[in-house]
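Each chain is listed here by its residues.
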Number of protein chains: 2
Amino acid sequence: MDQNPQEKAKIRAKQVDVKTVYEGKWIKMNLVDFQNEKGHICKAWEMVERQGVRPDQECNGVDVCPIIKYKDGRRKLLLIANYRPPVNAYTVEFPAGLLDDGDLLENARRELKEETGYTADEIKVLDYCPLLRTDPWKSNETTKVVIAYIDGDKECNINPKQDLETEENIDIFTVDLNEKFMENLRKIVEENNYQMTLQMYSLCLGFSLLGLSQ
Amino acid sequence: MDQNPQEKAKIRAKQVDVKTVYEGKWIKMNLVDFQNEKGHICKAWEMVERQGVRPDQECNGVDVCPIIKYKDGRRKLLLIANYRPPVNAYTVEFPAGLLDDGDLLENARRELKEETGYTADEIKVLDYCPLLRTDPWKSNETTKVVIAYIDGDKECNINPKQDLETEENIDIFTVDLNEKFMENLRKIVEENNYQMTLQMYSLCLGFSLLGLSQ
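Right, let's walk through the structure included here. (Residues numbered from 1 in each chain as written. Chains lettered and ligands numbered in written order. Predicted model: local features only at pLDDT ≥ 70, side-chain atom pairs only at ≥ 80, totals over all residues. Heavy atoms only, no water.)

1. Topic: the pairing of strand 2 (residues 27-35) of chain A
The side chains of a regular strand alternate, residue by residue, between the two faces of the sheet. Residues and elements named next belong to chain A. The element strand 2 is extensively covered by neighbouring structure, given that 8 of its 9 residues are classed as buried. Across 8 bridges, strand 1 (residues 14-23) lies against strand 2 in antiparallel orientation. Bridge pairing in strand 2 places Lys14 opposite Gln35. Between strand 1 and strand 2, which pair antiparallel in sequence order, lie 3 residues. Examined bridge by bridge, strand 2 and strand 3 (residues 41-50) share 8 bridges and lie antiparallel to one another. Along strand 3, the bridge assignment pairs Val32 with Trp45. In textbook terms, the turn of a hairpin is the stretch between consecutive antiparallel strands, and for strand 2 and strand 3 this stretch comprises 5 residues, one of which, Gly39, has a positive phi near 95 degrees. (Buried < 20%, exposed > 50% of the residue type's maximum accessible area, 1.4 Å probe, protein only. Helix = DSSP H or I, 4+ residues; strand = E, 2+ residues; numbered from the N terminus. Pairing = 2+ DSSP bridges.)

Next comes the structure, spelled out in structure tokens:
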């Protein structure tokens, strides 16, 4: 017997209404009504909206994955610990920022320079980096990750000097890029009383996953 | 000449006041005043507060990294694409959930079973997994990641059956665990019109980072 065509074509969940209930300067609180896969309406999912991305912007922000290369073959990942008012602690992150005017790579280069003092030699989006959702269960915020290659032997990168805005409070540090990446990072985090982010822990997990799956 | 003692001891940024300006059922909007490293007060940083973690809870939620092992040596990562009302799309994630009663591992085992149908053989927190911040630039939300090992040849895991709540809409899929992890995942994401998360992209980056740094 033929299957009912309506059963064949699975209904996909979708938004049916969005109401703003609080509007701040940077973020809004919205309530979303959506239709689930069975066709029922689910009411008032609480979400956070980042103020709109302008038409000339690809996403809300940009994250920079900075790799320092030295002539002698050493490779280091350059990270920051950023004071974050919502958690009242310094958290481990990539250099990053909200997008201003200009394109993604320009913004990435400038954020890297301001937050760490380092100047990138080459900066690029990998072959694969779609729009990334930071926390889609509660917000519509988006970012992209770019890779920055830094020549660690260059004069301008010997004594890098940060250029922070008043509200920014940022430590910088490097982590050796080798098989002990998670262990290397753990040591720095514990010694400095930093807090870990899901993003950086996911990077560590990626590093370790082939080993873990043995 | 001696350095000024006040210059020696670097002031660390810290919260000085938090006001709630909107209270929803699950999340609140707060304004945080903090003192920066130069001693200045910065006003009204907008943040999102998850309703309080109870004293018997370690964190707000739990993320499960599920590795399926087969007798013939194949290894797969089990992922989900979850309909997320804030972005009106299905996003690629680990099985995960907010913590109910009970401990972290119990919650993880139950979420895995409900969202994917799979039963874990072994479930554990790695030697290193501190409290993780999901998006500390705008919220105080916390999670931990646990690793779940699944025996893919077991009867109960041959035709796994989800047990979803009304508001949940979840596809499940597996990704081969090998050097082509990012490529494998990309194919699935593009074919199904899923959206990527920063978390999953970070996992891919971790996989690729040693190669990228050559």
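2. Quick notes on the interface of chain A and chain B
Bring the parts together and some accessible area is lost; that lost area is often taken as the interface size. If you look at the interface, chain A gives 87 residues, while chain B gives 87 residues. Roughly 8,100 Å² of surface becomes buried between chain A and chain B when both sides are summed, with 65% attributable to carbon and sulfur atoms. Considering only the side of chain A, the residues that lose the most area to chain B are Pro86(A), Tyr128(A) and Leu198(A), jointly responsible for 10% of the buried surface there. On inspection of chain A and its partner chain B, the count reaches 8 salt bridges. The partner of Glu141(B) in a salt bridge is Lys138(A), and the shortest N-O contact between them spans 2.7 Å. Inspection of the chain A/chain B interface yields 42 residue pairs in polar contact (both at pLDDT 80 or more). The element that contributes the greatest number of residues to the side of chain A that touches chain B is helix 4 (residues 198-212) of chain A, accounting for 11 residues. Here strand 12 (residues 196-197) of chain A pairs with strand 9 (residues 132-133) of chain B via 2 bridges, running parallel. Paired with Met196(A) across the two strands is Leu132(B), which belongs to strand 9 of chain B. (Contact = heavy atoms within 4.5 Å. Buried area = accessible area lost by both parts, 1.4 Å probe. Salt bridge = Lys/Arg side-chain N within 4 Å of Asp/Glu carboxyl O. Polar contact = N/O pair within 3.5 Å; in protein donor to acceptor, adjacent residues only side chain to side chain.)

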